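What follows is the residue order along each chain.
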Amino acid sequence: MKKTIKLALVASLVLGATTAFATNGTSLIGFGAKSRGMGGTGIAQFQGAESGFNNPALIGYAKTNEASIGGTYFAPDVSIDIKNLFGPGSESKSSSASASMIPAISTIDKVNDNFAWGLALYGVGGMGVDYRSKADGNDMPNDNLLLMRFALPLSYTTSGFSIGLSPVVEYGALSMNNFFGSLGGATSDQAPNGVTTDIAYGFELGAAYQIAGVTLGLDYKSAVTHNFENTFNSSMTPGETQSKLDTPQVIGAGISYEIAGNTIAFDYKNIAYSSAKGFEDFGWDDVNTFALGYEYAAETWAVRLGYNYGAQPLPTDLDTSSAQTMNTTFAQSFGSLAAFPAVTESHYTIGGTYVFSKMVSLDAAFVYGTGSAKADYSAFAGPGTPSDTITVEATNDQTSLTVAVNYNF
């Protein structure tokens, strides 16, 4: 079976990669233990200091000052299965990527009945790959993207209506090993390597309205553009490369209803991968996420349940109209499945709170996510002559535990 040099380069990479903590694409389903226990909802429900992560307008509903410190232990279970790559048969590999720790620290300072501000430091997303083994040497992918955000949420509240603004500073760190350079047409010794860090800026806008137990919320997170000049190359065409990679724009809306300690919340988000620098070159689609959460809160404890769904964004329908489009879509689809298998779609969540005193409480949440995606590529032995079909299927199952301690003062 005849193959181009590019196909061989990508194929060798397909035999070694995985993900760090991609969930809704590369973004976490929610930030903070309360949100994650309720399926990632939080746009339209005040959840204490962690509301500064999900909608800055909500911090205006705080009754006291508050601080929260916590983190998420995130453990992915990623595997890939390839059929008919170099001939009949299949090969499977499981990722050896280690678990990640994701911080989440937030505060609220209630200045008066109208004004509140806070601080928020949290991991917003990332991904990573490591299928290397001693037999593979150092040519297998070992890619990691880490995105950490520092925000300053500000809110003004009057007559149940609140608006919020949050300037954002985002730290990004990307390390890659011979992946995008190969896809861009470079040989393996020309492909970008090493670690590049970058600080970029963005903002978040929020609005909320409370009436008779109902809260409505809107949230907009701007795209944040990182320049990983010495590491990243997202081009599919030699000579037309770019080193910019976006944390994509997110638009969200939510509603919650509370009665007699029972709260039900629903959030919708659109994560704009199709227009995000870096992701758009690889043919990623927007992700529309739907989150449903329930909470029952008593005086000294609370229990939460939730579900979150977001279709995976990777391109799996390949254009085989010509050899050129076939090679491009193969690189996009198979490259994404191999190096960035952000294919987790369904998330099942449970969580709770225990109140030790008027000042101290403990939150916890457990999330299980699962998903897979498959792409078929019809290789050609000659012009117009179909040959064997190469099939690549990536699976990304995840478990995570979030714990946070809250202090009211």
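The following paragraphs examine the structure supplied in this document. The structure presented is a predicted model; accordingly, all values stated were derived computationally and were not measured. (Residues numbered from 1 in each chain as written. Predicted model: local features only at pLDDT ≥ 70, side-chain atom pairs only at ≥ 80, totals over all residues. Heavy atoms only, no water.)

## Structural notes on the pattern of salt bridges
As a working rule, side chains carrying opposite charge can pair if their charged atoms are close by.
Piece 1. Scanning all chains against the criterion turns up five salt bridges.
Piece 2. Notably, a salt bridge pairs Lys34 with Asp363, separated by 2.7 Å at the nearest N-O pair. Of this pair, Lys34 sits in helix α2 (residues 33-37) while Asp363 is found in strand β17 (residues 360-370), placing the two residues 329 residues apart along the sequence. Exposure class is identical for Lys34 and Asp363. Each is buried.
Piece 3. Its salt-bridge partner being Glu170, residue Arg149 comes within 2.6 Å of it at the nearest N-O pair. On the criterion of sequence distance, the pair formed by Arg149 in strand β5 (residues 142-151) and Glu170 in strand β7 (residues 161-177) is long-range, its members being 21 residues apart. (Salt bridge = Lys/Arg side-chain N within 4 Å of Asp/Glu carboxyl O. Helix = DSSP H or I, 4+ residues; strand = E, 2+ residues; numbered from the N terminus. Buried < 20%, exposed > 50% of the residue type's maximum accessible area, 1.4 Å probe, protein only.)

## Some remarks on the layout of surface pockets
Piece 1. Taken as a whole, the largest pocket spans an internal volume of roughly 940 Å³.
Piece 2. Taken together, 33 residues make up the lining of the largest pocket; nearest its centre are Lys34, Phe46, Gln47, Gly48 and Glu295.
Piece 3. Sorting the residues of the lining of the largest pocket by element identifies β12 (250-259), β14 (287-297), β15 (301-310), β16 (346-355), β17 and β19 (385-408) as the ones contributing at least two each.
Piece 4. Per element, the largest residue contribution to the lining of the largest pocket is three residues, and it comes from β15.
Piece 5. For the lining of the largest pocket, the residue count by class is eight nonpolar, 16 polar and nine charged. (1 Å grid on protein atoms, 1.4 Å probe; cavity = no way out; pocket = protein on both sides within 12 Å on 5 of 7 lines; lining within 4 Å. Points joined across faces, edges and corners; volume = space filled by probe spheres on them. Nonpolar A, V, L, I, M, F, W, Y, C, P; charged D, E, K, R; others polar.)

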